[in-house]
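Here is how the chains run, residue by residue.
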Amino acid sequence: MRWGVLRVPSRRCQLAIQQASYLGEKVLFPERLVLQSPQAIKTQNSTEYCGVDDGLKKSSHRESKVKKKKKKQAKGMTSREVNVQGMRVTLPTSQLVGETVALQERAGEFFNPMLNVQQKLAVKRILSGECRPTPYVLFGPPGTGKTVTVIEAILQIHYTLPDSRILVCAPSNAATDLICLRLHQSNLLKPGAMVRVNAAFRPAEQIDDMVKPYCKDGDDIQKALWSRIVITTCNSAGLFYQTDTRLGHFTHVILDEAGQASEPESLIPIGLISEAHGQIILVGDPKQLGPTIKSKLALTFGLSMSLLERLTSRELYLRDEDAFGACGAYNPLLITKLTKNYRSHSALLALPSKLFYHKELEVCADASVVTSLLNWGKLPRKGFPLIFHGIKGTETREGHSPSWFNPAEAVQVMQYCCHLAKNENAAVSVTDIGVITPYRKQVEKIKFLLRSIDLADIKVGTVEEFQGQEYTVIILSTVRSQEDLTDDEKYCLGFLCNPKRFNVAITRAKALLIVIGNPHVLVKDPCFCALLEYSLMNRVYVGCDLPSELECLQKCD
């Protein structure tokens, strides 16, 4: 019985792949963009589509309006154009009562008035849906407010397009529950409008009390389809294939944390929309962690690349500063990149911005938070909240365990946690400190040491456990310390030679980042070498002697 349960995810993925053929090239392998008539048009100003002016866009607008008018006349439809929150929306008169009125009563244009310009543009483009069924990408680097934008987009679709039925998915229960919780907290949805569908074997104690009422409505899969907003994991979306759900029942599929879902997993919810008119929104960051794939065979055949990453590597989605320089360098009809970071101090944001995001990330974080530790006593340079602590420790294993740990680094982590949490003058709360390390055995050793000094509430985990999270202080223990690497250095460095893992690890901190490791080993990885150079140039390196290739930087300093 248990073996059968374990096979269910794989079988759903296989079914999704088999049924993906009907989606066609526009969804799976888009080569060119064929514009559709806008579903709703913002009328405020010319920044609506970020200045795209290649003739195609404007002519498409004129043609789509003419076609739309003729189509309605031919069918003899009774319709009326209404203005809803600054949007010109054409709706059948039978649907003008109720939700439209509720919108008109709202004073602001957006439900969340705190959205920045890029977030508002993303919502407008999602609402317009002119690229459908070709997937639209919301590219959200760390701390740029992806979830806030997604919540606004769901609410706008729900109220502005009364015929819409939205399927919202994410690879994990945690990410899916978060969306449900945020929508609940908006207080903008009527009873019965939203449902949370869970896997049958999910323990009730894992579910937030505020989310549970929506889960009860999702126990009956057939009844769950009555709700216009259905929230579930990618895999649990496979439950709808077991019902008589008609093709195209869902008008919109929003896939959050799309970079962490394997492509077959992503195709499960996507397969439930119309291949001609359904709208797909992929939300995530292809520069952060991808799907977790344990099979070497699956890795060989490329299943470690998400649908989000594969699509954004296609020519249609590529960065083009010449054509789209005024729109963030991407075709604004297909992709919006958020660049305002609300999480980190400028000193912590500079390196990942340079390495992964074309130096485009802007510091917009709360100054009172990100500057709170600039005078901490252990900082090598006051006013610069970064420490690279060099240690020549020893990496080792226990018994038959394949996982590494480093006792010297574990002790150093404990000491830093003690200095932070037990500082009489300005102690940092244990809930504001996170410890990241790439190996399970090191997690175990650090947790043991922290329990010994009554700091067990400090979260310690692998990089995967920290994606999507943020802490005032992050301490990173890199573990590996074998200097005489063999021919395959990448193999010997293991998890460290992964730019996405590096990116996630160093972008969780708000006010202080401490990196602990052996510089003689880390210098062999391009990302960690860049971090070492950055630390030396800013005089925040402490600890053991440096490798010869970096000594010149220290002398110049």
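Structure: see above.
## Quick word on the packing of aromatic side chains
Here's step 1: Here the structure, examined in full by the defined rule, presents 11 aromatic pairs.
Here's step 2: Between F111 and Y159, the aromatic rings sit 5.7 Å apart at their centres with planes inclined by 40 degrees, giving tilted as the arrangement. Placement of the pair is F111 in the loop between α4 (99-104) and α5 (117-128) and Y159 in helix α6 (residues 146-160), with a sequence separation of 48 residues. No difference in accessibility class separates F111 from Y159, as the two residues are buried.

## Description of empty space enclosed by the protein
Any space left empty among the atoms is revealed by the rolling of a water-sized probe across them.
Here's step 1: Summed over the entire model, instances satisfying the criterion amount to six cavities of 30 Å³ or more.
Here's step 2: Reported here for the largest cavity is a volume of approximately 80 Å³.
Here's step 3: V463, L476, L496, R501 and F528 are the residues nearest the centre of the largest cavity, which is lined by 11 residues in total.
Here's step 4: By residue number, the principal contributor to the lining of the largest cavity is helix α20 (residues 499-506), which donates three residues.
Here's step 5: Residue composition of the lining of the largest cavity, grouped by class: eight nonpolar, two polar and one charged.

## Some points on the packing of helix α14 (residues 346-356) against α20
Here's step 1: α20 packs onto α14 with a crossing angle of 155 degrees between their chain directions and a minimal axis gap of 10 Å. Regarding the angle of α14 to α20, the classification is roughly antiparallel. Crossing angle aside, the handedness with which α14 passes α20 is left-handed. On α20, the residues that touch L348, L351, P352, L355 and F356 of α14 are P499, F502, N503 and I506.
Here's step 2: Of the residues belonging to the contact of α14 with α20, the class tally is eight nonpolar, one polar and no charged.

## A short note on the nonpolar core
Here's step 1: Counting 119 residues, the largest nonpolar core has I154, L183, I254 and L282 as its most contacted members.
Here's step 2: When residues of this core are assigned to their parent elements, the largest contribution, eight residues, is made by helix α22 (residues 526-537).
Here's step 3: In contact with I254, not counting residues within four places along its chain, are V150, I154, I157, I166, L167, V168, C169, I281 and V283.

## Some thoughts on the sheet that holds strand β8 (residues 252-255)
Here's step 1: One open sheet accounts for seven strands, arranged β6-β7-β5-β8-β9-β4-β10; its pairing is parallel. Edge strands, defined here as strands with exactly one partner in the open sheet, are β6 (194-196) and β10 (335-337). Direction aside, the axes of adjacent strands within the sheet are offset by 15 degrees on average.
Here's step 2: Of the strand pairs in this sheet, β6 and strand β7 (residues 229-233) are connected by three bridges, and their pairing is parallel. The residue bridging R196 from the neighbouring strand is I231, located in β7.

## Topic: the pattern of salt bridges
Two side chains that carry opposite charge are able to pair once their charged atoms sit near each other.
Here's step 1: Going through the model one piece at a time under the given rule, you end up with 19 salt bridges.
Here's step 2: For E395, the salt bridge goes to R480, with nearest N and O atoms at 3.0 Å. Residue E395 is found in the loop between β13 (386-390) and α16 (407-421), and its partner R480 is found in the loop between β16 (471-477) and α19 (489-493); the two are separated by 85 residues along the sequence.
Here's step 3: With a relative accessible area of 11%, E395 lands in the buried category.
Here's step 4: Judged by its relative accessible area of 6%, R480 is buried.
Here's step 5: One connected set of salt bridges, linked through shared partners, spans R319, E321, K337 and E360.

## Thoughts on the pairing of β16
Here's step 1: A large share of β16 lies buried, amounting to seven of its seven residues.
Here's step 2: The sheet contact formed by strand β14 (residues 433-436) and β16 spans four bridges and is parallel. Opposite I436, over in β16, you have L476 as the bridge partner.
Here's step 3: Examined bridge by bridge, β16 and strand β17 (residues 509-517) share six bridges and lie parallel to one another. Paired with Y471 across the bridge in β17 is A509.

## Here we look at unusual backbone geometry
Here's step 1: The step from R132 to P133 runs through a cis peptide bond, and the omega angle for that step is 5 degrees.
Here's step 2: Counting through the fold element by element, P133 comes out in the loop between α5 and β4 (136-139).
Here's step 3: The backbone of E257 shows a phi angle near 50 degrees, a positive value even though the residue is not glycine.
Here's step 4: Within the secondary structure layout, E257 lies in the loop between β8 and α10 (263-270).

## With respect to the sheet that holds β13
Here's step 1: The parallel open sheet is built from six strands, whose spatial order is β15-β14-β16-β17-β13-β18. Taken across any chain shown, the strands that pair with only one partner, and hence form the sheet edges, are β15 (459-461) and β18 (541-543). Each adjacent strand pair in this sheet contributes to an overall mean axis angle of 20 degrees, direction not counted.
Here's step 2: When β13 meets β17, the two strands line up parallel, connected through five bridges. Residue pairing in the sheet places F388 in a bridge with V515 of β17.
Here's step 3: Lying on the sheet, helix α17 (residues 440-452) is in contact with β14, β15 and β16; it crosses β15 at an angle near 160 degrees.

## Some details on α14
Here's step 1: Considered for burial, the residues of α14 that qualify are A347, L348, L349, L351, P352, S353 and F356.
Here's step 2: Looking at the buried positions of α14, the neighbouring elements they touch are β11 (340-341), β12 (362-363), β13, α20, β17 and α22.
Here's step 3: Phi turns positive, to about 55 degrees, at H358, one or two residues after α14.

Criteria and thresholds
- Residues numbered from 1 in each chain as written.
- Predicted model: local features only at pLDDT ≥ 70, side-chain atom pairs only at ≥ 80, totals over all residues.
- Heavy atoms only, no water.
- Phe/Tyr/Trp six-rings, centres within 6.5 Å; stacked < 30°, edge-to-face > 60°.
- Helix = DSSP H or I, 4+ residues; strand = E, 2+ residues; numbered from the N terminus.
- Buried < 20%, exposed > 50% of the residue type's maximum accessible area, 1.4 Å probe, protein only.
- 1 Å grid on protein atoms, 1.4 Å probe; cavity = no way out; pocket = protein on both sides within 12 Å on 5 of 7 lines; lining within 4 Å.
- Points joined across faces, edges and corners; volume = space filled by probe spheres on them.
- Nonpolar A, V, L, I, M, F, W, Y, C, P; charged D, E, K, R; others polar.
- Axes fitted to C-alpha atoms, helices over the stretch in contact; angles between N-to-C directions.
- Parallel < 35°, antiparallel > 145°, perpendicular 65-115°, else oblique.
- Left-handed = near helix turned anticlockwise from the far one by under 90°.
- Contact = heavy atoms within 4.5 Å.
- Core = buried A, V, L, I, M, F, W, Y, C linked by side-chain atoms within 4.5 Å.
- Pairing = 2+ DSSP bridges.
- Salt bridge = Lys/Arg side-chain N within 4 Å of Asp/Glu carboxyl O.

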